[in-house]
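Observations on chain architecture
What follows is each chain in one-letter form.
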Amino acid sequence: MMREEDTHIAILRNKLDASLERNRSLEKENEQLRQEVHHMKTQVALLRGQDADRRSMLWKKLPGSIGGNGSSQEKPMVHDNGAEENLVGCNSYSKQEVSGPPIISRSPRVPKPPPSPTCLPPTSNMQKESWLPPPPPPPPLPLRSPGGSIKAVRRVPELVELYRSLTRKEGKADIKAGSIATPVATNAREMIGEIENRSAYLLAIKTDVENQGEFINFLAREVQNAAHKEIADVEAFVKWLDEELSYLVDERAVLKHFPQWPEKKADAMREAAFGYRDIKNLESEASTFQDDKRLPTDISLKRMQTLQDKLEHSVHSLERVRDTAIRKYRGFKIPWEWMLDTGIITQLKLGSMKLAKGYMTRVVTAVKTDSLSDDEELTLRGVRFAFRVHQFVGGFDEDGRHAFQELKKLASKS
């Protein structure tokens, strides 16, 4: 009876997780729709401004023609104050008629200065401390050995043997669990299709090309001269650049009229900044991961397995494009050292090893305390996950080896 209730609770929790994931996807889609609506409102305002401009030109022509006809029919008369008052009244009336919706004028953008690199001290400090000797070089990255592998990590042949014996006993091939497919957010950009084909859109682009030349040339010089030493500074620079370019009606459509715009370098800087940000967020997620003891064992193990999927996918994707990306970044003076095995990949593998220890510990605890659990099946899952991380990292540290010994004792009893 308790087993059925646990299964039912696990199913409900799975549905809850799926609903939360769907809710996050809808919120993201909603934010995209808000941006599109804001863009459409801007285009509508431009259309209204053009309409008011045309009406004002028409009214300027009409009073002139009427005044010309009236002067030919009227006799010369003495200039008096009453005539002036009538004329002023007529002019004020015509202005009220022409007023209509306000005309939107986009003045040339005054850019904010780019962020200062964090690795360079302020000029005043450099002048005050010019007599000091240069600082010593930073210490080498921790947990690394000269050969490029994580220090204190050794391969565990016993784990490989245990894994092979258990899978041979089961008679099944080890199936690597794939990550759960997430629903792809529907593309809502079709809403903008019609408005982009209108003359207002093209006119807005033309206006930006004519009015924002000095602003764009300033940004082009900043991008061309950018040479950062830290990838975090590139991330801050790209954030600043995107905020400045968001002032344009359509970034790509406007910038293609400026042949001096360094498009390849700007795209490479964005690629490096976004890639580093995504990996850094994943590393933070793995390093701060804590096993929630209140969750059922099955749900907890699936959480760790999903995070391991993301870690492996991220590292393999980085290794696949690393050589090409490094050549490109080096040519554009973009930091690339973070992509090496001695960089953030080390931290990702340390996070993976932490997951393995948590996984094995959770399996051992469940087998010892849960009388309704399938001990053999749980032990096999623990060995499979441990073997997977062992191959990914290249071994286990001392804590990992200790956790494996506890798991091995359970396997020998089953």
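Calculation notes
Chains are numbered independently. Their residues run from 1 in the order of the written sequence. Under the rules for a predicted model, residues below a pLDDT of 70 receive no local features and side-chain atom pairs below 80 are neither given nor counted, while totals for whole chains, interfaces and linings still include all residues. As a rule here, side-chain values cover all heavy atoms of the structure and leave hydrogens and water aside. The secondary structure listing takes helices from DSSP runs of H or I that are at least 4 residues long and strands from runs of E that are at least 2 residues long, numbered from the N terminus. Buried residues are those whose accessible area, probed at 1.4 Å on protein chains only, stays under 20% of the maximum for their type, while exposed residues exceed 50% and partly exposed ones sit between those limits. Here, residues are in contact when the closest pair of their heavy atoms is within 4.5 Å. Only the protein chains shown count as cover for residues, and the accessible areas themselves come from Shrake-Rupley with a 1.4 Å probe. We define the nonpolar core as a collection of buried residues of types Ala, Val, Leu, Ile, Met, Phe, Trp, Tyr and Cys that are connected through side-chain atoms lying within 4.5 Å of one another. Convention adopted: a line fitted to C-alpha atoms gives each axis, helices being fitted over their contacting stretch, and angles between N-to-C directions are expressed from 0 to 180 degrees. Between 65 and 115 degrees an angle is taken as roughly perpendicular, under 35 as roughly parallel, over 145 as roughly antiparallel, and anywhere else as oblique. If you view the pair so one helix is near and one far, a crossing is left-handed when the near helix is turned anticlockwise from the far one by less than a right angle, and right-handed when it is turned clockwise.

The next point concerns the overall build of the chain. Each helix and strand counted, the chain has 14 helices and zero strands in total. Reading the secondary structure of the chain in the N-to-C direction produces α-α-α-α-α-α-α-α-α-α-α-α-α-α. Looking at the 414 residues of the chain, the share that counts as buried comes to 33%. Nonlocal contacts in the chain, meaning residues at least 24 apart in sequence, comprise 82% of its contacts between residues at least 6 apart. When the accessible surface of the chain is totalled, it reaches about 26,900 Å², and 56% of it is carbon and sulfur.

Quick look at the nonpolar core now. Ranked by size, the top nonpolar core spans 73 residues in total, and within it I216, W261, M269, Y329 and W338 carry the most contacts. Considering each element in turn, this core owes the most residues, twelve residues, to helix α12 (residues 344-369). For Y329, the contacting residues outside a window of four places in its chain are A268, E271, A272, I334, P335, W336, W338 and M339.

For the rest of this paragraph, the subject is the packing of helix α13 (residues 375-393) against helix α14 (residues 398-413). Packing of α13 against α14 leaves a shortest axis separation of 10 Å and a crossing angle of 140°. Our classification of the angle between α13 and α14 gives oblique. For α13 against α14, the interelement crossing comes out left-handed. Of the residues in α14, those in contact with T379, G382 and V383 of α13 are L407, L410 and A411.

So yeah, pure geometry; function would need other evidence.
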